[in-house]
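Okay, here's what each chain looks like letter by letter:
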Amino acid sequence: MTDLIKAIDPRGLIFESYRIEGIRIEECRSIFLDWALFDDHEIAQADRITALLAHYGAQAPEHPMTAVMKSALEEAATPKRRGGRKGRLG
């Protein structure tokens, strides 16, 4: 593991997720959320995810954590209006 990866993932959460045999995507989402919420960095989150994907994702493209990190890089869709008085009346 490189120094950059150690700095980005100091608790080794992402590293360990790739080592767990048979891990499911739901478990990877939980691990990723823990990593994203509780690790404070000066590097932008998208840059950290990109570095982790380059390090781990290239070796395990079919791993559920790779899919979770790729989806985290996608921009959230703009929410559509879901109702309310104005939506009903036009």
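Shown above is the structure to which this text applies.
Here goes a summary of the coordinates provided. Not measured: the values here are computed from a predicted model.

### Some words on the packing of aromatic side chains
Right, so step 1: Counted according to the given criterion, the structure contains three aromatic pairs.
Right, so step 2: Consider the rings of Phe15 and Tyr56, whose centres lie 6.5 Å apart with planes at 45°: the pair is tilted. Placement of the pair is Phe15 in helix α2 (residues 13-19) and Tyr56 in helix α4 (residues 45-57), with a sequence separation of 41 residues.
Right, so step 3: The class of Tyr56 is buried, set by a relative accessible area of 6%.
Right, so step 4: Between Tyr18 and Tyr56, the aromatic rings sit 5.1 Å apart at their centres with planes inclined by 20°, giving stacked as the arrangement. Residue Tyr18 is located in helix α2, and its partner Tyr56 is located in helix α4; the two are separated by 38 residues in the primary sequence. Per residue, the accessibility class of Tyr18 equals that of Tyr56, and both read buried.
Right, so step 5: One aromatic cluster in this structure is built from Phe15, Tyr18 and Tyr56.

### With respect to the nonpolar core
Right, so step 1: By size, the foremost hydrophobic cluster in this structure holds 18 residues, and its most contacted members are Ile14, Phe32, Trp35, Leu52, Met65 and Met69.
Right, so step 2: At the level of secondary structure, the elements contributing two or more residues to this core comprise α1 (3-8), α2, α3 (25-38), α4 and α5 (64-73).
Right, so step 3: Once residues within four sequence positions are removed from consideration, Met69 is found in contact with Ile14, Tyr18, Phe32, Ile49, Leu52 and Leu53.

### Comments concerning a nonpolar patch on the surface
Right, so step 1: Among the surface-exposed residues, Leu33, Leu37 and Phe38 lie close enough to one another that they form a single nonpolar patch of about 360 Å² accessible area.
Right, so step 2: The residue Leu33 is located in helix α3 in this model.

### Notes on the pattern of salt bridges
Right, so step 1: The tally for this structure, following the rule as stated, stands at three salt bridges.
Right, so step 2: For Arg11, the salt bridge identified is with Asp34, shortest N-O distance 3.7 Å. Of this pair, Arg11 sits in the loop between α1 and α2 while Asp34 sits in helix α3, placing them 23 residues apart in sequence.
Right, so step 3: Relative accessible area serves as the criterion here: at 44%, Arg11 is assigned to the partly exposed category.

### Observations regarding the environment of Ala60
Right, so step 1: Note that Ala60 resides in the loop between α4 and α5.
Right, so step 2: Apart from the residues within four sequence positions on either side, Ala60 is in contact with Tyr18 and Thr66.

Basis of the calculations
- Residues numbered from 1 in each chain as written.
- Predicted model: local features only at pLDDT ≥ 70, side-chain atom pairs only at ≥ 80, totals over all residues.
- Heavy atoms only, no water.
- Phe/Tyr/Trp six-rings, centres within 6.5 Å; stacked < 30°, edge-to-face > 60°.
- Helix = DSSP H or I, 4+ residues; strand = E, 2+ residues; numbered from the N terminus.
- Buried < 20%, exposed > 50% of the residue type's maximum accessible area, 1.4 Å probe, protein only.
- Core = buried A, V, L, I, M, F, W, Y, C linked by side-chain atoms within 4.5 Å.
- Contact = heavy atoms within 4.5 Å.
- Patch = residues over 30% accessible without salt bridge, like charges linked within 9 Å, V, L, I, M, F, W, Y side chains within 5 Å.
- Areas by Shrake-Rupley, 256 points an atom, 1.4 Å probe, with all protein chains shown as cover.
- Salt bridge = Lys/Arg side-chain N within 4 Å of Asp/Glu carboxyl O.

By themselves, these are just geometric observations and shouldn't be taken as functional.
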